[in-house]
Amino acid sequence: MESDSTTRHKPRGRVVMLVDNGVKGDSRVQKAARSAADAGWDVVLFGVSPDSQKHSWKLGSAEVRLIPKPTPLNPRRHDMRRPFPRRPLAYRSPQVARYRVQAAKAWRSDLAFRQASVKAAKAGHPGRSAGGSTARLLVPRLSAKVYSKWVALRARETTDLQKRRSMLDARVDRTTTAMWQLLMKERAWRRLTPNLWDFELAFAKHIDALKPDLIHAHDFKMLGVGARAAVRARAAGRPVKLVWDAHEYVPGLPPRHGRWLPGHVAWEKEHAVFADAVVTVSPALAELLKKGHDLEELPTVVLNAPVLSPAADEVAGADPVPDLRELCGVGADTPLLAYVGGINPVRGVETIIEGLTLMPDVHVAMVSVPPGKPYAATATIAKLVDELGVGDRVHFLPFVPHWQVADFVAPADAAVSPLHHLANHELALSNKFFEYAQARLPQVVSDIRTMSEMVRSTGQGEVFRAQDTEDYVRAVKAVLADPERYRAAYDKPGLLEKWTWEAQAEILDGIYSRLLPDRPKAAAPAAEPRADAHA
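Structural notes, computed from the coordinates. As the structure is a prediction and not an experimental result, all values here were calculated from the model. (Residues numbered from 1 in each chain as written. Predicted model: local features only at pLDDT ≥ 70, side-chain atom pairs only at ≥ 80, totals over all residues. Heavy atoms only, no water.)

### What to know about the overall build of the protein chain
When helices and strands are tallied, the protein chain shows 22 helices and 14 strands. With respect to the three principal axes, the spread of C-alpha positions in the protein chain is 95 × 70 × 50 Å. In the protein chain, which comprises 535 residues, the proportion classed as buried is 50%. Looking at the protein chain as shown, the accessible area adds up to about 25500 Å², and 56% of this sits on carbon and sulfur atoms. For the protein chain, the separation between the mean place of its 75 positive charges and that of its 61 negative charges on side chains is 16 Å. (Helix = DSSP H or I, 4+ residues; strand = E, 2+ residues; numbered from the N terminus. Buried < 20%, exposed > 50% of the residue type's maximum accessible area, 1.4 Å probe, protein only. Areas by Shrake-Rupley, 256 points an atom, 1.4 Å probe, with all protein chains shown as cover. Lys, Arg positive; Asp, Glu negative; His and termini not counted. Charge placed at Lys NZ, Arg CZ, Asp CG, Glu CD.)

See the structure below:
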């Protein structure tokens, strides 16, 4: 597949984009690939296949390729070592423990069958004795009983050890983690999170075969993959440029276990120095990245803004924008709040539901139902809705395409964003923030740093204390009492025009052009017609 693409005409240069997901659920990555291709770059976007097969499709003029990523380095090192001396009685692995427990059960089951077959034969039933006289089976049954207890003891020890090991936060784990950090510095990920090599080994040959002029690595996992590909190309005499698109603040991510965070921080630290340019999603995150990695330049901010004019192939076959109030079964005079996003404990959805008990006339549209399996926390929220007796005013609705969100929620009276205080929440200006803005909705946001500062500076909404239901209700009532006051903030010249992906794509293309100045900007060979998202 790579050989065919390698021979394609490339108007300005070849851009390889990398992302550590399946692409379809990542609107920022999709928008970046499509707009870069529209600007005349030959774009191939690599993502991770959900199975063992390769998948490919087009995003406008950009090509998407999902590559299988085997995970042989995913098991932790201790899973492949004997547990001695921490738990000398434990089996080497849970798999061995399960096998031994089942084998012991099978032995006792077979002995019971042999004994029963003797009794059945003596009673004249069909079949014959399986050699199971009581005297003959006495020693085997006693042995099987003792063996089963021994196996059960060792299995419990194995389970306890696995629980203790799962978070890698025992004293011995903390000591070894600190030791590797001290000895290896930013190279410590090789010991702490060696599974990151699986990304490198899965994608390296595909990137190299394309001989890119520029690599655009989305987020921290693909930073290392892109950096290593760029280094290989540079060593071979090809001056490949590397753009790192930092979506999150890695030190602020919730750790999955005791080594996950220091391992990924080290991975990012080692590879950030190879980037020719860094872009990110908010000014606050840009400042942290510059300081944390001693960058020479402040990273360029490319906002997660919505597309106003989707391409014709995006719109083709899509259903019309649904009528929000019709789906909720409410008229134009009913106060309606809109929430768009996932449901999990840190997004603050409980505050929205609890607030309804203090606002008996208000309804809320929860645009939170993904295709397929719902979010795990949805059941908890549904239970809270029932307990508080507000089920007739909470409307769970399915997601719509990202380019329809603004028009879909526009009939609401206000939008709400009740995020809890987490490091990455403090730094975020989410795509939903800009979608609400394009819908010209007053916004009620929690006092997480970046978003609340923006809302206060523009006057487009009210801020409340996160996880404070009474203060949330105060903010909602203030907005509903005079919504036009807050909508007027969007009349500021240039504000909404700046908060579009079309404007952000110009910034991104400017970075590409600066890094490859000998590739003048030109229209794509077959630019697609654009549809009006507001039509």
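### Concerning the pattern of salt bridges
Applying the stated criterion to the full structure yields 23 salt bridges. Of the charged contacts, one joins Arg14 and Asp42 as a salt bridge, the two residues approaching to 2.8 Å between their closest N and O atoms. Taken together, the residues span a long stretch of sequence, with Arg14 in strand E1 (residues 14–18) and Asp42 in strand E2 (residues 42–48) at a distance of 28 residues. For the pair shown, Arg14 and Asp42 are each scored as buried. For Arg87, the salt bridge identified is with Glu157, shortest N-O distance 3.6 Å. Of this pair, Arg87 sits in the loop between strand E4 (62–67) and helix H3 (94–122) while Glu157 sits in helix H4 (residues 134–166), and the two are 70 residues apart along the sequence. (Salt bridge = Lys/Arg side-chain N within 4 Å of Asp/Glu carboxyl O.)

### Here we look at the sheet that holds E4
The pairing of strands in a sheet comes from backbone hydrogen bonds and takes either a parallel or an antiparallel form. Across the sheet, 8 strands lie side by side as E3-E4-E2-E1-E5-E6-E7-E8; this open sheet has mixed pairing. Edge positions in the sheet fall to strand E3 (55–59) and strand E8 (300–301), since each of these pairs with one other strand and no more. Sheet topology places strand E5 (residues 214–218) next to strand E6 (residues 241–246); 5 bridges connect them, and they run parallel. By the bridge assignment for E6, Leu214 is matched with Lys241. Each of E1, E2, E3, E4, E5, E6 and strand E7 (277–280) is contacted by helix H2 (residues 27–38), which is oriented at about 160° to E2, the strand it contacts most. (Pairing = 2+ DSSP bridges. Contact = heavy atoms within 4.5 Å. Axes fitted to C-alpha atoms, helices over the stretch in contact; angles between N-to-C directions.)

### Considering the side chain of His216
Its location among the elements puts His216 in strand E5. Here His216 falls in the buried class, since its relative accessible area comes to 0%. Here Asp245 takes part through its side chain, which lies 3.1 Å from a polar atom of the side chain of His216. If near-sequence neighbours (up to four positions away) are discounted, His216 is found in contact with Val15, Val16, Met17, Leu18, Val243, Asp245, Leu508 and Tyr512. (Polar contact = N/O pair within 3.5 Å; in protein donor to acceptor, adjacent residues only side chain to side chain.)

### Overview of the environment of Glu63
Positionally, Glu63 belongs in strand E4. Since its relative accessible area comes to 10%, Glu63 is described here as buried. Sequence separation between Glu63 and Val479 is 416 residues, and the spatial gap between their C-alpha atoms is 44 Å. At a separation of 3.0 Å, a polar atom in the side chain of Glu63 contacts the side chain of Arg65.

### Regarding the packing of aromatic side chains
Summed over all chains, the structure comprises 11 aromatic pairs. A ring pair is formed by Trp189 and Trp197, whose centres lie 4.9 Å apart and whose planes are at 65°; its orientation type is edge-to-face. Look at Trp189 and you get buried, because its relative accessible area is 0%. Look at Trp197 and you get partly exposed, because its relative accessible area is 27%. Through pairs of rings, three or more aromatic residues link up here, namely Trp189, Trp197 and Trp267. The side chain of Lys69 reaches across the aromatic face of Phe199, ending 4.3 Å from its centre. (Phe/Tyr/Trp six-rings, centres within 6.5 Å; stacked < 30°, edge-to-face > 60°. Lys NZ or Arg CZ within 6 Å of the ring centre and 35° of its normal.)

### Notes on the packing of helix H8 (residues 219–235) against helix H9 (residues 260–272)
With their axes 9 Å apart at the nearest point, H8 and H9 run at an angle of 35° to one another. You can see that H8 and H9 cross each other, and the crossing is left-handed. Residues Phe220, Lys221, Leu223, Gly224, Val225, Ala227 and Arg228 of H8 touch H9, and the partners they reach there are Trp260, His264, Trp267, Glu268, Glu270, His271 and Ala272. A class-by-class count of the residues in the contact of H8 with H9 yields 7 nonpolar, 3 polar and 4 charged. (Left-handed = near helix turned anticlockwise from the far one by under 90°. Nonpolar A, V, L, I, M, F, W, Y, C, P; charged D, E, K, R; others polar.)

### Here's the deal with the sheet that holds strand E13 (residues 443–446)
A sheet is described by the order of its strands in space; here 6 strands give the open sequence E11-E10-E9-E12-E13-E14, paired in parallel fashion. Lying at the two open borders of the sheet, with one neighbouring strand each, are strand E11 (394–398) and strand E14 (461–464). Sheet twist, expressed as the average angle between the axes of neighbouring strands with direction ignored, equals 25°. Judged from the 5 bridges that link them, strand E9 (residues 336–340) and strand E10 (residues 363–369) form a sheet pairing that is parallel. Counted as the bridge partner of Leu336 is His363 from E10. In the packing of helix H17 (residues 431–438) onto the sheet, contacts are made with E9, strand E12 (414–417) and E13, and the angle to E9 comes to roughly 145°.

### What to know about the packing of H2 against helix H22 (residues 501–515)
Contact geometry of H2 with H22 gives a least axis separation of 10 Å together with a crossing angle of 65°. For the pair H2 and H22, the sense of crossing is right-handed. Together, Arg28, Lys31, Ala32, Ser35 and Ala36 of H2 and Trp501, Ala505, Leu508 and Tyr512 of H22 make up the contact between the two elements.

### Here's the deal with helix H10 (residues 283–293)
For H10, the full list of buried residues reads Ala284, Leu285, Ala286, Leu289 and His293. Against the buried residues of H10 lie E6, H9, E7, E8, helix H16 (423–427) and helix H18 (449–458).

### Examining the nonpolar core
The nonpolar side chains of soluble globular proteins are, as a tendency, buried together. Residues Leu18, Phe46, Phe203, Ile207, Ile215, Leu242 and Trp244 are the most contacted members of the largest nonpolar core, which totals 37 residues. Put simply, the parts of the chain that give this core at least two residues each are E1, E2, helix H7 (197–210), E5, H8, E6, H9 and H10. The leading source of residues in this core is H8, at 7 residues. When neighbours within four sequence positions are excluded, Leu242 is seen to be in contact with Ile215, Ala217, Leu223, Gly226, Ala227, Ala230, Arg234, Phe274, Ala275, Asp276 and Ala277. If you look at the next biggest cluster of nonpolar residues, it comprises 30 residues, including Val279, Val302, Val307 and Ala505. (Core = buried A, V, L, I, M, F, W, Y, C linked by side-chain atoms within 4.5 Å.)

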